[in-house]
Amino acid sequence: MARRILVTGGTGTLGRRVTRELAQAGVTVRVLTRSLPAQPDPHYEWAEGDYVRGAGLAQAFEDVDAVLHTAHDPQQPGRDLAGVARLHSFSLAAGIRHFTQVGIVGVERMPGLAYYAAKARAEELLRRSGLPASVFRATQFHPFVHSLLSDLGRLPLLPVPQGLLQPVDVDEVAAALAEHVLRGQHDTESFAGPQVLSIAELAGQTLAAAGQHKRVVSLKLPVPMLRALHRGVLTDPGAARGKRTFAEWLATEK
Ligand SMILES: NC(=O)c1ccc[n+]([C@@H]2O[C@H](COP(=O)([O-])OP(=O)(O)OC[C@H]3O[C@@H](n4cnc5c(N)ncnc54)[C@H](OP(=O)(O)O)[C@@H]3O)[C@@H](O)[C@H]2O)c1
């Protein structure tokens, strides 16, 4: 088991949950953040740094024997990818014993999205890095799917693309990711939500939770990205599955 793990993105949606799980399991967690909180949680060590700009990493890697890379910068995928390569180099130089990288199910089969292309390329870079490493992939988190569907507009109709998603609960992802890290796996693991649903079904559930009545209209558009979504490339029915459905999450969180 890792003695001290550097967690990038330890302040993020997934990251803050998985840091809690790892600390509760007895691992010393050092959180990398671009800006230290006013009152840093004393349960963790804190390192100020930026893996995209390359600032603060020498100190962040001091006396660390494992890395969990959950951070991402979807707004600048090219620079993010260079930052991931930088984290691999620092990890090799520091002689870390294990590097876990968080990925997204199906990104290599999804055309036309620079962010997803960078996530797929980041997995290739890790495979070639020579690091003892693993990838933990998840499907779309409930709050992310909700953010895509909750801008309901004023029209009486809600047009959505035809497509399939398998939304997953972030707490369940964090628990499975912590177990993955603690096992020190050296392969790829995928974790997905309990149900594969059409975007129209998910939109219907979002409307119902918001107490709104609209007709959801599925659009079939001849765009490669949307065709891939329709084929279900972002789902993985064979993956380990969480239990909490999107509808259950909507009922308690919204
Ligand atoms: N959201 C989803 O639906 C979903 C689905 C499957 C997989 N994933 C993957 O899960 C991971 C976590 O996603 P999330 O949605 O939980 O993330 P998030 O809430 O957007 O948080 C992003 C984190 O990245 C850190 N960060 C960004 N740029 C940084 C930089 N240059 N240097 C250091 N830290 C930086 C931020 O830390 P500071 O702001 O404190 O610096 C923050 O903690 C990502 O790898 C993502 O691809 C997400």
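Values in this document were obtained by computation on a predicted structure and should not be read as measured data.

Turning to the overall build of the protein, a few remarks are in order. Counting secondary structure elements, the protein contains nine helices and twelve strands. Relative to the globule expectation of 18 Å for 254 residues, the C-alpha radius of gyration of the protein, 19 Å, shows essentially globular dimensions. Oriented by its inertia axes, the alpha-carbon framework of the protein measures out at about 55 × 35 × 30 Å. For the protein, the residues scored as buried account for 49% of the 254 residues in total. At a minimum sequence separation of 6, the contacts of the protein that also span at least 24 residues come to 77%. As presented, the protein carries roughly 12,300 Å² of accessible surface, and 52% of it is formed by carbon and sulfur atoms. The distance from the centre of the 28 positive side-chain charges to the centre of the 24 negative ones in the protein is 6 Å.

A separate point is the packing of helix α5 (residues 142-149) against helix α7 (residues 199-209). Running from N to C, α5 and α7 cross one another at 85°; their axes reach a closest spacing of 10 Å. In terms of their interaxial angle, α5 and α7 are classed as roughly perpendicular. Contacts between α5 and α7 involve V145, H146 and L149 from the first element and I199, L202, A203 and T206 from the second. Residues of the contact of α5 with α7, tallied by class, amount to five nonpolar, two polar and no charged.

Let's shift gears to the pattern of salt bridges. Tallied over the entire structure, the rule returns 17 salt bridges. With a shortest N-O distance of 2.9 Å, E123 and R137 are connected by a salt bridge. With E123 in helix α4 (residues 114-128) and R137 in strand β6 (residues 133-138), the pair connects residues that are 14 residues apart, well separated along the chain. Accessibility classification places E123 together with R137 in one group, the buried group. A salt bridge links E253 to R244, with the nearest nitrogen and oxygen atoms 3.5 Å apart. One salt-bridge network, in which partners are shared between bridges, spans R3, R4, R30, E45, D63, D65 and R97.

Let us now look at the nonpolar core. One broad rule of soluble globular proteins: the nonpolar side chains tend to lie buried together. Core analysis: the largest hydrophobic core is formed by 25 residues, its most contacted members being M110, Y116, L149, L165, L202, L229 and L234. No other element matches α7, which puts four residues into this core. Residues contacting L229, with those up to four places away along its chain left out, are M110, Q162, G163, L164, L165, I199 and L234. Of all hydrophobic cores here, the second largest spans 24 residues; its members include V7, V27, V168 and A176.

Before going further, it helps to examine the side chain of T139. Mapped onto the elements, T139 comes out in the loop between β6 and α5. The class for T139 is buried, based on a relative accessible area of 2%. A polar side-chain atom of T139 sits 2.7 Å from the main-chain carbonyl oxygen of Q166. Engagement of the side chain of T139 in a polar contact is seen with the backbone nitrogen of G193, the distance being 3.4 Å. When residues no more than four places from it in sequence are discounted, the contact partners of T139 are V105, Q166, P167, V168, F191, A192, G193 and L234.

All right, on to the packing of aromatic side chains then. Inspection of every chain in the model, using the stated rule, returns five aromatic pairs. Measuring from centroid to centroid gives 5.7 Å for Y115 and Y116, while their planes differ by 45°, and the two rings are tilted. Looking at Y116, the relative accessible area reads 7%, which means it is buried.

Attention now goes to the site of the ligand. In the vicinity of the ligand, 24 residues are found, and the nearest of them are T11, T33, R34, D50 and Y115. Within the side chain of Y115, an N or O atom sits 2.7 Å from an oxygen atom of the ligand. Within the complex, 86% of the 900 Å² of free accessible area of the ligand lies under protein. Residue assignment for the shell around the ligand shows that the elements contributing at least two residues are β5 (98-104) and α4.

What follows is about empty space enclosed by the protein. Scanning the entire structure with this criterion turns up one cavity of 30 Å³ or more. Looking at the largest cavity, its volume works out to about 130 Å³. Along the wall of the largest cavity there are 17 residues; nearest its centre are D80, V84, A118, K119 and A122. If you list the elements that add at least two residues to the lining of the largest cavity, you get α3 (77-94), β5 and α4. Considering each element in turn, the lining of the largest cavity owes the most residues, five residues, to α4.

About the thresholds
- Residues numbered from 1 in each chain as written.
- Predicted model: local features only at pLDDT ≥ 70, side-chain atom pairs only at ≥ 80, totals over all residues.
- Heavy atoms only, no water.
- Helix = DSSP H or I, 4+ residues; strand = E, 2+ residues; numbered from the N terminus.
- Rg over C-alpha atoms; globule rule 2.2 N^0.38 Å.
- Buried < 20%, exposed > 50% of the residue type's maximum accessible area, 1.4 Å probe, protein only.
- Contact = heavy atoms within 4.5 Å.
- Areas by Shrake-Rupley, 256 points an atom, 1.4 Å probe, with all protein chains shown as cover.
- Lys, Arg positive; Asp, Glu negative; His and termini not counted.
- Charge placed at Lys NZ, Arg CZ, Asp CG, Glu CD.
- Axes fitted to C-alpha atoms, helices over the stretch in contact; angles between N-to-C directions.
- Parallel < 35°, antiparallel > 145°, perpendicular 65-115°, else oblique.
- Nonpolar A, V, L, I, M, F, W, Y, C, P; charged D, E, K, R; others polar.
- Salt bridge = Lys/Arg side-chain N within 4 Å of Asp/Glu carboxyl O.
- Core = buried A, V, L, I, M, F, W, Y, C linked by side-chain atoms within 4.5 Å.
- Polar contact = N/O pair within 3.5 Å; in protein donor to acceptor, adjacent residues only side chain to side chain.
- Phe/Tyr/Trp six-rings, centres within 6.5 Å; stacked < 30°, edge-to-face > 60°.
- Near = heavy atom within 4 Å.
- 1 Å grid on protein atoms, 1.4 Å probe; cavity = no way out; pocket = protein on both sides within 12 Å on 5 of 7 lines; lining within 4 Å.
- Points joined across faces, edges and corners; volume = space filled by probe spheres on them.

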